[in-house]
Amino acid sequence: MHCFEELESTSAWLRSRERGATPAWTVAWAATQTRGRGRQGRTWQSPRGNLYLSVSLPAPSASAPGLLPLAAGVAVAQALAGWGVPARLKWPNDVLLGDRKLAGILIEASSYGGALEQVILGIGVNLSVTPRLEDPGAQAPTSMEESLGRAPDVASVGAAVLKQVVQWHARLADQPAAVRAAWRSLSADWWDEAVEIRTPAHAWEGVLRGLSDEGGLLVELPDGRLTTVTAGEVLRLRRAPVSSGGNPPG
Ligand code: BTN
């Protein structure tokens, strides 16, 4: 584990190491980041007081690469549950408290000679500082301090998160159904609701219907067809539910 007072980005630091210098399970932790990276090309504001860590993971098995983001979300949500935080997951792995974002997860993979070589899991948890909302299209942020009136010690949360990451990563290979079930039980209750799916190139609307075996999101299109979303961001549209029922299929 490598600890820093300040880094541009813990994930960028791990990626910049020479091949072989960051074997699986190398961890980078920083008290603050000057160029923290978020999903969808966003910046992840990284003031002192929150948790920023990245870990290099063994390449996921070819059978379930789409479940890795879900397993990471479950790991963070379950770690925070140890502090009584009722966190819920928004696909694929935004960690929400109510409708606001408490933690974010970024998975970056690199390949060598055509084979997936290195996967870097970056985790940011807002503990004592709520970052400003810079992109109005993004989920509004919160922190444990703001929402619960207390912020646990950064190192304790980091240790709990890493412990859960190790456990859920192990389940990816031999218990993928357990990963899906845990994710569904922790998921935000947006099933059967109208959502907008955004990718850098497109935005379109549909109704959230469930999770595929591979970890994609099943979305019903306006013409009734079901499609599987494997990348992008989901935003809830504030409308009445489209049909009754609350459980995702599958
Ligand atoms: C998101 O946009 O939801 C993902 C945010 C991920 C932030 C973490 S903080 C530690 C690691 N280093 C980074 O630069 N980003 C990730």
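Each value, and the rule that gives it
- Residues numbered from 1 in each chain as written.
- Predicted model: local features only at pLDDT ≥ 70, side-chain atom pairs only at ≥ 80, totals over all residues.
- Heavy atoms only, no water.
- Domains from an automatic or database assignment.
- Buried area = accessible area lost by both parts, 1.4 Å probe.
- Salt bridge = Lys/Arg side-chain N within 4 Å of Asp/Glu carboxyl O.
- Polar contact = N/O pair within 3.5 Å; in protein donor to acceptor, adjacent residues only side chain to side chain.
- Helix = DSSP H or I, 4+ residues; strand = E, 2+ residues; numbered from the N terminus.
- Phe/Tyr/Trp six-rings, centres within 6.5 Å; stacked < 30°, edge-to-face > 60°.
- Buried < 20%, exposed > 50% of the residue type's maximum accessible area, 1.4 Å probe, protein only.
- Lys NZ or Arg CZ within 6 Å of the ring centre and 35° of its normal.
- 1 Å grid on protein atoms, 1.4 Å probe; cavity = no way out; pocket = protein on both sides within 12 Å on 5 of 7 lines; lining within 4 Å.
- Points joined across faces, edges and corners; volume = space filled by probe spheres on them.
- Nonpolar A, V, L, I, M, F, W, Y, C, P; charged D, E, K, R; others polar.
- Near = heavy atom within 4 Å.
- Areas by Shrake-Rupley, 256 points an atom, 1.4 Å probe, with all protein chains shown as cover.
- Sits in = over half its atoms within 2 Å of the grid points.

Chemist: Sorry, what's going on with the domain arrangement of the protein here?
Modeler: The extent of an interface is frequently quoted as the accessible surface area lost upon association of the parts. Assigned domains of the protein: these are domain 1 (2–186) and domain 2 (194–238). Its C-alpha centre places domain 1 at a distance of 23 Å from the equivalent point of domain 2. When domain 1 packs against domain 2, the two sides together hide about 1300 Å² of surface, and 46% of this comes from carbon and sulfur. Interface area lost by domain 1 to domain 2 is led by Q40, W91 and R180, which between them contribute 45%. One can count three salt bridges joining domain 1 with domain 2. A salt bridge links D99 to R236; its shortest N-O distance comes to 3.3 Å. At the boundary of domain 1 and domain 2, one finds six residue pairs in polar contact (both at pLDDT 80 or more). Elements supplying a minimum of two residues to the side of domain 1 that touches domain 2: α2 (67–81) and α5 (176–186).

Chemist: Can you help me understand the packing of aromatic side chains in this one?
Modeler: The description of two aromatic rings rests on the distance between their centres and on the angle between their planes. In the structure shown here, the tally under the stated rule is two aromatic pairs. Between W183 and W191 the ring centres are 6.3 Å apart and the planes differ by 75 degrees, which places this aromatic pair in the edge-to-face class. For the pair formed by W183 and W191, the shared burial category is buried. In this structure, R171 packs its charged tip against the face of W168, placed 4.3 Å from the ring centre.

Chemist: Can you help me understand the layout of surface pockets in this one?
Modeler: Unoccupied space between atoms shows up once a probe the size of one water molecule is rolled over them. Computed from the structure, the largest pocket encloses a volume of approximately 540 Å³. What lines the largest pocket is a set of 34 residues, and nearest its centre among them are G38, T43, W44, Q45 and K101. Counting only elements with at least two residues in the lining of the largest pocket, the list comes to α1 (10–16), β3 (51–57), β6 (100–112) and β7 (115–125). When the residues that make up the lining of the largest pocket are grouped by side-chain class, the tally is ten nonpolar, 15 polar and nine charged. Empty space within the second largest pocket amounts to approximately 390 Å³. What lines the second largest pocket is a set of 21 residues, and nearest its centre among them are P69, W91, P92, T230 and A231. Here the lining of the second largest pocket is built from residues that sort into ten nonpolar, nine polar and two charged. Mapping the lining of the second largest pocket onto the domain boundaries places at least three of its residues in each of domain 1 (2–186) and domain 2 (194–238).

Chemist: Honestly, the site of the ligand in this entry has me stumped. Any pointers?
Modeler: Surrounding the ligand, one finds 20 residues, the nearest of these being S9, Q33, R37, R39 and K101. Between a nitrogen atom of the ligand and a side-chain N or O atom of T10, the distance comes to 3.0 Å. The separation between an oxygen atom of the ligand and a polar main-chain atom of R39 is 2.7 Å. With the chains in place, 98% of the 420 Å² that the ligand exposes on its own is no longer accessible. Put simply, the ligand lies in the largest pocket. Residue assignment for the shell around the ligand shows that the elements contributing at least two residues are α1, β3, β6 and β7. Ranked by the residues each element gives to the shell around the ligand, the list is headed by β6, at four residues. Residue composition of the shell around the ligand, grouped by class: six nonpolar, ten polar and four charged.

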